[in-house]
Amino acid sequence: MNSYNQFPARPEGFDYDAALAELLEKIRRKKKAKTLLAHFTEEAARLNSIVEDRFKEYEVEQEEADAMKSATLTLLLYSIMGLKEEKLQKEESEALAAKAEDESAKAELDHVLARQVELRAEIRSLGNCERDYEEMVAEKKAWLMAKEVTVNAEVEALEAEKAAIIRGSKDLKEAMESGRYALKVAESVEDALHTLYTFQ
């Protein structure tokens, strides 16, 4: 069993219940942060895959748009058909759309990575609150036992004081009774002497 003296000194009136409630709240926050961190870790992996895929799509679309601009024969054909500007615009629009999707996925990934950093920092700031809680519980138990021992000692001291008072009262009563008896004996002797002198 832990001795109360082995724990840190606490100020008078230290509220163990409030301290334990605060540690429980830290434990709750830490569990929540860990759950969210696991979620965002999975989300980061998913988004990273999406970013890579969308970047590849953007590269393909951009290459097609660039090829359309540089392919003179193809441009000539589309030009004859009156579709040159429409085809170029379509390829460039597809490239821009792919680029926008890629940037959107990157922004989402950056947000998730930032949340991971925040959650890891929060978890570090909460420290080993689970161990602190267990130690505080043990300390409170030791404090309660020490308090009980102190109360028991005080009760025993009061009982001893009470017994001493009762014993003193009894001794006084016996002394008073002895005094009264001695007084009666003295009075009887005095009466006997008085009677004796009266008859002489």
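For the structure, check the block above.
In this text, all values refer to a predicted model and were calculated from it rather than measured experimentally.

A word on the overall build of the chain. Along the backbone of the chain there are four helices and zero strands. Each helix and strand of the chain, placed in order from N terminus to C terminus, yields the pattern α-α-α-α. The proportion of buried residues among the 200 residues of the chain is 18%. In the chain, of all internal contacts separated by at least 6 residues, the share reaching a separation of at least 24 is 85%. Accessible surface computed for the chain: about 15000 Å², of which carbon and sulfur atoms make up 57%.

Before going further, it helps to examine the side chain of Glu 43. Tracing the chain through its elements places Glu 43 in helix H1 (residues 16–70). Judged by relative accessible area, Glu 43 falls into the buried class, the value being 17%. Not counting the four nearest positions on each side in its chain, Glu 43 is found in contact with Glu 108 and Val 112.

What follows concerns the nonpolar core. Ranked by size, the top nonpolar core spans eleven residues in total: Ala 33, Leu 37, Phe 40, Ala 44, Leu 47, Val 51, Ala 105, Leu 109, Val 112, Leu 119 and Ile 123. Looking at this core, the elements that each hand over two or more residues are H1 and helix H3 (84–126). No other element matches the six residues that H1 contributes to this core. With sequence-adjacent residues up to four places away left out, Leu 119 is seen in contact with Ala 33, Leu 36, Leu 37 and Phe 40. Ranked by size, the runner-up nonpolar core spans five residues in total, among them Tyr 16, Ala 19, Leu 20 and Met 136.

Bringing the packing of aromatic side chains into the picture now. The way to describe two aromatic rings as a pair is by their centre distance and the angle between their planes. One pass over the structure, following the stated rule, counts two aromatic pairs. Here the aromatic rings of Tyr 16 and Trp 143 are separated by 5.2 Å at their centres, their planes lie at 35°, and the arrangement is tilted. Placement of Tyr 16 in helix H1 and of Trp 143 in helix H4 (residues 129–199) is noted, with a sequence separation of 127 residues between them. In this structure an aromatic cluster arises from ring pairing among Phe 14, Tyr 16 and Trp 143.

Together, Glu 52, Asp 53, Glu 57 and Glu 101 make up a negatively charged patch on the protein surface. In terms of residue count, the dominant contributor to the negative patch is H1 (three residues). Relative to the assigned elements, Glu 52 resides in helix H1. The exposure class of Glu 52 is partly exposed, given its relative accessible area of 44%.

Under the counting rule described, the total for this entry stands at nine salt bridges. Between Glu 130 and Lys 30 there is a salt bridge, with its nearest N and O atoms 3.3 Å apart. Of this pair, Glu 130 sits in helix H4 while Lys 30 is found in helix H1, placing the two residues 100 residues apart along the sequence. With a relative accessible area of 9%, Lys 30 lands in the buried category. Arg 115 is the salt-bridge partner of Glu 118, the closest N and O atoms lying 2.8 Å from each other. Highlighted residues: Glu 118 and Arg 115, both in helix H3, separated by three residues, approximately one helical turn. On the accessibility criterion, Arg 115 (24% relative accessible area) is partly exposed.

The rules behind these values
- Residues numbered from 1 in each chain as written.
- Predicted model: local features only at pLDDT ≥ 70, side-chain atom pairs only at ≥ 80, totals over all residues.
- Heavy atoms only, no water.
- Helix = DSSP H or I, 4+ residues; strand = E, 2+ residues; numbered from the N terminus.
- Buried < 20%, exposed > 50% of the residue type's maximum accessible area, 1.4 Å probe, protein only.
- Contact = heavy atoms within 4.5 Å.
- Areas by Shrake-Rupley, 256 points an atom, 1.4 Å probe, with all protein chains shown as cover.
- Core = buried A, V, L, I, M, F, W, Y, C linked by side-chain atoms within 4.5 Å.
- Phe/Tyr/Trp six-rings, centres within 6.5 Å; stacked < 30°, edge-to-face > 60°.
- Patch = residues over 30% accessible without salt bridge, like charges linked within 9 Å, V, L, I, M, F, W, Y side chains within 5 Å.
- Salt bridge = Lys/Arg side-chain N within 4 Å of Asp/Glu carboxyl O.
- Lys, Arg positive; Asp, Glu negative; His and termini not counted.
- Charge placed at Lys NZ, Arg CZ, Asp CG, Glu CD.

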